[in-house]
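Read off the chains here:
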Amino acid sequence: MKSRRAFHGRQILRVGMWMATAASLMGMRSTQADEAAPAPVAIGSDMDVALEYTLTVDGAVMDSTEGKAPLRYIQGRKQVIAGLERQLQGLHVGDSKELTVTPEEGYGAADPAAVVEVPNTQLPLDAQPTVGMVLRGLNPDGQSFRATVKEVKDQSVILDLNHPLAGKTLAFNVKVLDIKPAPPSDHDTVQAGAQSVP
């Protein structure tokens, strides 16, 4: 009788040891799998990022990648406006987010001193200015500029040299499509959106 009990006891002990060993092995496999799984890549400095976006200002859509190629830029290279770049930091592929960029981190406040009156004689000979027309040219220092015609007079025009989105709060709806390391030699400047927005 004792031998049978001892036999059954040994069986129970062996089963218990087998179950403990199996559980231990499963735990090891789970730990190894967790360690092997790479962390998702996030937007960070010197990462080449592709994203879709729609820009809305004062309730009107100003620009969108819908139906076009996505925007590609390199994080940390000042290829998009500061407020957008800061809020994209840390996002992952597949993330969608609504971002609000204030004028301070966008195109700054509108400067009244940048609204100037220019004689018609200083305009291009073939220019027929109308309100809302955008003119491009070079200043005395040889730097390019763009100006929007605000008013047309008999002998002159009023030009606004502010960026068209100066003083505006920018509402972006973005979706991250791709993130990868950027080539060290890739320093191309990227601007996207209406008026080269981001």
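Shown above is the structure to which this text applies.
What counts, and at which threshold
- Residues numbered from 1 in each chain as written.
- Predicted model: local features only at pLDDT ≥ 70, side-chain atom pairs only at ≥ 80, totals over all residues.
- Heavy atoms only, no water.
- Helix = DSSP H or I, 4+ residues; strand = E, 2+ residues; numbered from the N terminus.
- Buried < 20%, exposed > 50% of the residue type's maximum accessible area, 1.4 Å probe, protein only.
- Contact = heavy atoms within 4.5 Å.
- Areas by Shrake-Rupley, 256 points an atom, 1.4 Å probe, with all protein chains shown as cover.
- Pairing = 2+ DSSP bridges.
- Axes fitted to C-alpha atoms, helices over the stretch in contact; angles between N-to-C directions.
- Salt bridge = Lys/Arg side-chain N within 4 Å of Asp/Glu carboxyl O.
- Core = buried A, V, L, I, M, F, W, Y, C linked by side-chain atoms within 4.5 Å.

A. Structural context of the overall build of the protein. Looking only at helices and strands, the protein has 2 helices and 9 strands in total. Written out in order from the N terminus, the α and β elements of the protein read α-β-β-β-α-β-β-β-β-β-β. When each of the 198 residues of the protein is scored for burial, the buried share is 28%. A separation of at least 24 residues holds for 69% of the contacts in the protein among residues at least 6 apart in sequence. Here the protein displays about 13000 Å² of accessible surface, and carbon together with sulfur accounts for 55% of that area.

B. Expanded view of the sheet that holds strand 6 (residues 134-138). With respect to topology, 4 strands assemble into an open sheet ordered 5-8-7-6, the strand pairing being antiparallel. Single-partner strands in this sheet number two, and they are strand 5 (115-119) and strand 6. Taken over all neighbouring pairs, the strand axes of this sheet differ in orientation by 40° on average, direction set aside. Here strand 7 (residues 144-152) pairs with strand 8 (residues 156-160) via 4 bridges, running antiparallel. Paired with glutamate 151 across the bridge in strand 8 is isoleucine 158.

C. Structural view of the pattern of salt bridges. Per the stated rule, a full pass over the model turns up 7 salt bridges. Of the charged contacts in the structure, one is a salt bridge between aspartate 46 and arginine 77, with a shortest N-O distance of 3.1 Å. With aspartate 46 in the loop between helix 1 (2-36) and strand 1 (47-57) and arginine 77 in the loop between strand 3 (71-74) and helix 2 (82-88), this pair connects stretches of sequence that are 31 residues apart. For aspartate 46, a relative accessible area of 37% puts it in the partly exposed group. Here glutamate 117 ties to lysine 153 by a salt bridge, and the two come within 3.6 Å at their closest N and O atoms. One end of the pair, glutamate 117, is in strand 5; the other, lysine 153, is in the loop between strand 7 and strand 8, with 36 residues separating them in the sequence. Residue lysine 153 is classed as partly exposed on the basis of its relative accessible area of 34%.

D. Up close: the nonpolar core. Counting residues in each nonpolar core, the largest one holds 23 residues, and the members touching the most others are Ile43, Leu84, Leu88, Leu170 and Phe172. Counting residues per element, the ones that place at least two in this core are strand 1, strand 3, helix 2, strand 4 (96-101) and strand 9 (170-181). With 6 residues, strand 1 is the largest single contributor of residues to this core. The next biggest cluster of nonpolar side chains, apart from the first, holds 7 residues, and it includes Val118, Leu135, Val149 and Leu159.

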